[in-house]
Amino acid sequence: MIISKTNSQIAKMHTAGKYLAELLAVLKENVVPGISTLELNKIAEQWLNRKGLYSPFKGYRGYPASICVSVNEQVVHGIPTKREIQLGDVVSIDAGVVFDGYVADAATTVAVGEVSEELQQLLSVAENSLYQGIDKMREGNRLYDITHAIQSYVEPYNYGLVREFCGHGVGRKMHEDPQVPNCGHRPNTGPRLRCGWVLAIEPMVNLGTASVHIESDGWTVVTNDGKPSAHFEHTVAITADGPLILTEFT
Ligand code: MF3
Ligand code: CO
C-alpha cells in the first residue's frame, strides 16, 4: 500500500531532509585520509544528538550504526569499522534523519583527493542517473519510467547497475511501498505516479560487473569483482509542480 503525504507531512519531511543535507555536508568535510569510518559515524551521532534528532538506521533490523559508510568495493550498507580512509578512495555515505516522526534518507559518494578520470566518470554518471530518475517523478508518469530513465542513462557506459537493492517509498517509516528498481523494467509500465508520493531514489553503479554479495557481517554489500562502486540517493516528493527534492543542500 502506497501512503500519500499531505503538504504538511511533506513539510516535515523537508525539514528532516534539510537537516540531513547539512549532516551529509559535515560528514563530507570529514572524509579525509586517516579517519576511520567508525569516527565518521561518531561525528554523525554527536551532530544528531546536538540537534535533538536521531537516525532511522540505528537498530533497523539490528543495524548497529547511525550511518552507512561504503568504501571502494563496498556498494552500500557498509557498517562503520576501524577501516581508515585513504587518498584515492571513493566513499559513499548513506544517512537518515527523523524529524517529528518523519524520515528523510539520502546518500552521496565522494572521491578522496585526486582520483582517476575513470573514477570521476563513475561518480558523475551515478549522480546524473539519480537526477534522470528524479526528473520522471511527475504525476501522470508511471513508476518504471523512473527505473527506465536510470537504466537507459547508465547503459552506454557499460557499468554494472546493481539489481538486488532498490529505491523505496519514505514516510513515517524509512521503507514504505513502492519499491523503486534501478533496472529491469520497460518504460510506461508500473503504477501511475501521484502527487503526495515521496520516494527515495538510489541507484548503485559499479565500475565493473553488477554482481554483488553480502559480507559475513550480514550487512556490507560488496562487488564480486572487487572493483569500486558509487551510490547517490535523494528523498523526493511528487508535487503539482513536479519533483521536489527534500534532501538537497540549500
Ligand atoms: N538508505 C539505505 C536504504 O534506503 C540505508 C538503510 S539500511 C540501514 O536502504 F539498515 F542502515 F538502515
Ligand atoms: Co534508501
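Just so it is clear, the structure is predicted and the values come from calculations on it, not from any experiment.

A. Region of the structure containing the sheet that holds strand 13 (residues 234-239). Spatial ordering of the open sheet is given by 7-6-8-13-14, a layout of five strands whose pairing is antiparallel. The outermost strands of the open sheet, each flanked by one partner alone, are strand 7 (176-180) and strand 14 (242-245). Taken pair by pair, the neighbouring strands of this sheet meet at an average axis angle of 30 degrees, ignoring direction. Judged from the two bridges that link them, strand 6 (residues 167-169) and strand 8 (residues 198-201) form a sheet pairing that is antiparallel. Residue G169 lies in a different strand from strand 8, and its bridge partner there is L199. In the packing of helix 3 (residues 117-134) onto the sheet, contacts are made with strand 8, strand 13 and strand 14, and the angle to strand 13 comes to roughly 20 degrees.

B. Local environment of the site of ligand 1. Of all residues adjacent to ligand 1, which total 13 residues, the nearest are D94, D105, H168, H175 and E202. In the environment of ligand 1, an oxygen atom lies 2.9 Å from a nitrogen or oxygen atom belonging to the side chain of H175. Taking E233, its side chain carries an N or O atom lying 3.2 Å from a nitrogen atom of ligand 1. Here ligand 1 has 330 Å² of accessible area as a free molecule, and 97% of this is covered by the chains. For the shell around ligand 1, the class distribution of residues is six nonpolar, three polar and four charged.

C. Just the packing of helix 1 (residues 7-29) against helix 2 (residues 37-51), in detail. Where helix 1 contacts helix 2, the two axes come as close as 10 Å, and the packing angle between them is 145 degrees. Of the two possible hands of crossing, helix 1 and helix 2 adopt the one that is right-handed. For the pair formed by helix 1 and helix 2, the contact residues are Y19, E22, L23, V26 and L27 on the first element and L40, I43, A44, W47, L48 and K51 on the second.

D. Examining the packing of aromatic side chains more closely. For the structure shown, the criterion picks out five aromatic pairs. Relative to W219, the ring of Y63 lies with its centre 4.9 Å away and its plane at 80 degrees, an arrangement referred to as edge-to-face. With Y63 in the loop between helix 2 and strand 1 (67-71) and W219 in the loop between strand 10 (212-214) and strand 11 (221-223), this residue pair connects regions lying 156 residues apart in the sequence. In this structure W219 comes out as buried when scored by relative accessible area, which is 19%. One aromatic cluster is present, built from ring pairs that chain together Y19, W47 and F99.

E. A look at the sheet that holds strand 11. With antiparallel pairing, three strands are arranged side by side in an open sheet as 2-11-10. A single partner strand is all that each edge strand has here, and the edge strands are strand 2 (74-76) and strand 10. Along the sheet, successive strands turn relative to each other by an average axial angle of 40 degrees, direction set aside. By the bridge criterion, three bridges tie strand 10 to strand 11 in an arrangement that is antiparallel. Paired with H213 across the strands is V222, a residue of strand 11.

F. Focus on the environment of E29. Checked against the element boundaries, E29 lands in helix 1. Along the primary structure E29 and Y153 are separated by 124 residues, whereas in three dimensions their C-alpha atoms are 29 Å apart.

G. Just the nonpolar core, in detail. Among the nonpolar cores identified, the biggest contains 31 residues, and I146 and I201 are the most heavily contacted of them. At the level of secondary structure, the elements contributing two or more residues to this core comprise helix 3, helix 4 (143-154), strand 8 and strand 13. The element contributing the most residues to this core is helix 3, with seven residues. Counting residues in each nonpolar core, the second largest holds 24 residues, with L20, L27, L53 and A95 among its members.

About the cut-offs
- Residues numbered from 1 in each chain as written.
- Chains lettered and ligands numbered in written order.
- Predicted model: local features only at pLDDT ≥ 70, side-chain atom pairs only at ≥ 80, totals over all residues.
- Heavy atoms only, no water.
- Pairing = 2+ DSSP bridges.
- Helix = DSSP H or I, 4+ residues; strand = E, 2+ residues; numbered from the N terminus.
- Axes fitted to C-alpha atoms, helices over the stretch in contact; angles between N-to-C directions.
- Contact = heavy atoms within 4.5 Å.
- Near = heavy atom within 4 Å.
- Polar contact = N/O pair within 3.5 Å; in protein donor to acceptor, adjacent residues only side chain to side chain.
- Areas by Shrake-Rupley, 256 points an atom, 1.4 Å probe, with all protein chains shown as cover.
- Nonpolar A, V, L, I, M, F, W, Y, C, P; charged D, E, K, R; others polar.
- Left-handed = near helix turned anticlockwise from the far one by under 90°.
- Phe/Tyr/Trp six-rings, centres within 6.5 Å; stacked < 30°, edge-to-face > 60°.
- Buried < 20%, exposed > 50% of the residue type's maximum accessible area, 1.4 Å probe, protein only.
- Core = buried A, V, L, I, M, F, W, Y, C linked by side-chain atoms within 4.5 Å.

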